[in-house]
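Close look at the chain arrangement
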Amino acid sequence: MAYIADHIHEQPNVHIKYFVPDEHKSGGAIVEVSGKFKKISATDATIVLTDGCKIIVSDITDLSFSDVL
């Protein structure tokens with residue numbers, strides 16, 4: 001998270017794994033997305049990618065950066 005904050009203006013490429021709860025029963029799934037980082041929203045504690053994908057920070061299980069998507 002510190003890297004993102006320091007490089008926010010560069011819109012780094014990120015690969016994120018995060019938990020999505022099942023809407024109908026207990027449990028859920030780990031989802032993986034890749035994209036360009038856009039912003040961190042402090043108001044709702046989310047990371048937003050340039051494609052509009054919003055991920056709740058507390059649901060993130062893994063976060064990595066790459067030069068190429």
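What about the pairing of strand β2 (residues 28–41)?
- Two strands pair when backbone bridges link them, and strand β1 (residues 13–21) and β2 are joined in this way by nine bridges, in the antiparallel orientation. Across the sheet, the residue bridging to Ile16 is Val33, located in β2.
- Adjacent in sequence and paired antiparallel, β1 and β2 are bridged by six residues, among which Gly27 carries a positive phi angle near 105 degrees.
- Here four bridges tie β2 to strand β3 (residues 46–49), and the two strands are oriented antiparallel to one another. In the sheet register, Ile40 faces β3, and the bridge partner there is Ile47.
- The loop that links β2 with its antiparallel partner β3 comprises four residues; one of these, Ala45, has a positive phi angle of about 50 degrees.

The rules behind the values
Residues numbered from 1 in each chain as written. Predicted model: local features only at pLDDT ≥ 70, side-chain atom pairs only at ≥ 80, totals over all residues. Heavy atoms only, no water. Pairing = 2+ DSSP bridges. Helix = DSSP H or I, 4+ residues; strand = E, 2+ residues; numbered from the N terminus.

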